[in-house]
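Fold and geometry: a report
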Amino acid sequence: VNDIWHGLAGRYDGTVEIYETDFMKLLERTRKALPKVKFVVCEPFVLKCGAVTDKWFPEFDKYRASARKVSDEHGAVFVPFQSMFDEAVKIAPPNHWAGDGVHPSQYGAALMANFWLKAVSSALSGSSDQTAQTCVLSARERAVQGGLDRCGGRGTFFISESNHFFEKSKTR
């Protein structure tokens, strides 16, 4: 994300190829030092608000594809945060999740934490559910059942959703 942001501001001249090469080398060095390590690669994400404009695309999508490639080549758990936020903006506007389009708000961070835990635990248990849709749609259903309107209580709800997952995981 910073590669594009700083590149658009003229303060960085990196490329997707440099990003991918450096990322691959980092994971290779890490695997060499820690042969039994299990990697988790989180997909770069942005929301179209704040600093994020159409100028970010399609270049940003190339970084996302590169992260996926690195993850696949190293057998990592891949956490598709962009897919998660694509679902989340169906519930609340992009600036609710990340005011500047890049840095998550407390609500975006809570959603990410819950999603990360579900993605990693699903991968470790061998489950292949549609984590992004499941996580966000489950949150939407609970909000409706709890009588929450589209604005009031949503942030608390997602924090509560995350805590619910922690309680559930302790009983395993």
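Right, let's get into the overall build of the protein chain. Along its length, the protein chain carries eight helices and two strands. For the protein chain, the α and β elements follow one another from N to C terminus as α-α-β-α-β-α-α-α-α-α. The 172 residues of the protein chain split such that 37% are buried. Long-range contacts, defined here as pairs at least 24 residues apart, represent 70% of the contacts in the protein chain between residues at least 6 apart. Accessible surface, the protein chain as shown: approximately 9,700 Å² in total, 54% of it carbon and sulfur.

Here we come to unusual backbone geometry. The residue after phenylalanine 57, namely proline 58, is reached through a cis peptide bond having omega 5°. By the element assignment, proline 58 lies in the loop between strand 1 (40-42) and helix 3 (59-73).

To continue, consider the environment of leucine 111. Mapped onto the elements of the fold, leucine 111 is located in helix 6 (residues 106-125). When the C-alpha positions of leucine 111 and tryptophan 97 are compared, they lie 8.6 Å apart, and in sequence the two are 14 residues distant.

Moving on: the pattern of salt bridges. With the rule as written, the count across this model stands at seven salt bridges. A salt bridge links arginine 68 to aspartate 72; the shortest N-O distance between them is 3.9 Å. Separated by four residues within a single helix, arginine 68 and aspartate 72 lie in helix 3, roughly one turn from each other. Overall, the relative accessible area of 38% leaves arginine 68 in the partly exposed class. Linked through salt bridges whose partners overlap, the residues forming this network are Glu43, Asp61 and Arg64.

Moving on, we get to the nonpolar core. In this structure, Leu47, Val79, Phe81, Met84, Phe85 and Trp97 are the most contacted members of the largest nonpolar core, which totals 17 residues. Where this core is concerned, the elements lending two or more residues are strand 2 (77-79), helix 4 (81-88) and helix 6. The element that contributes the greatest number of residues to this core is helix 6, accounting for five residues. Aside from chain neighbours lying at most four places away, what touches phenylalanine 85 is Phe45, Leu47, Trp97, Gly108 and Met112. If you look at the next biggest cluster of nonpolar residues, it comprises nine residues, including Met24, Phe39, Ala76 and Phe78.

Below, the discussion takes up the packing of helix 2 (residues 16-33) against helix 3. Running from amino to carboxyl end, helix 2 crosses helix 3 at an angle of 20°, the nearest separation of the two axes being 10 Å. Classified by the angle their axes make, helix 2 and helix 3 are roughly parallel. For the pair helix 2 and helix 3, the crossing hand works out as right-handed. Where helix 2 approaches helix 3, its residues Val16, Tyr19, Glu20, Phe23, Met24 and Leu27 are matched on the opposing element by Glu59, Lys62, Tyr63, Ser66, Ala67, Lys69, Val70 and Glu73. The residue inventory of the contact of helix 2 with helix 3, partitioned by class, reads eight nonpolar, one polar and five charged.

Each value, and the rule that gives it
- Residues numbered from 1 in each chain as written.
- Predicted model: local features only at pLDDT ≥ 70, side-chain atom pairs only at ≥ 80, totals over all residues.
- Heavy atoms only, no water.
- Helix = DSSP H or I, 4+ residues; strand = E, 2+ residues; numbered from the N terminus.
- Buried < 20%, exposed > 50% of the residue type's maximum accessible area, 1.4 Å probe, protein only.
- Contact = heavy atoms within 4.5 Å.
- Areas by Shrake-Rupley, 256 points an atom, 1.4 Å probe, with all protein chains shown as cover.
- Salt bridge = Lys/Arg side-chain N within 4 Å of Asp/Glu carboxyl O.
- Core = buried A, V, L, I, M, F, W, Y, C linked by side-chain atoms within 4.5 Å.
- Axes fitted to C-alpha atoms, helices over the stretch in contact; angles between N-to-C directions.
- Parallel < 35°, antiparallel > 145°, perpendicular 65-115°, else oblique.
- Left-handed = near helix turned anticlockwise from the far one by under 90°.
- Nonpolar A, V, L, I, M, F, W, Y, C, P; charged D, E, K, R; others polar.

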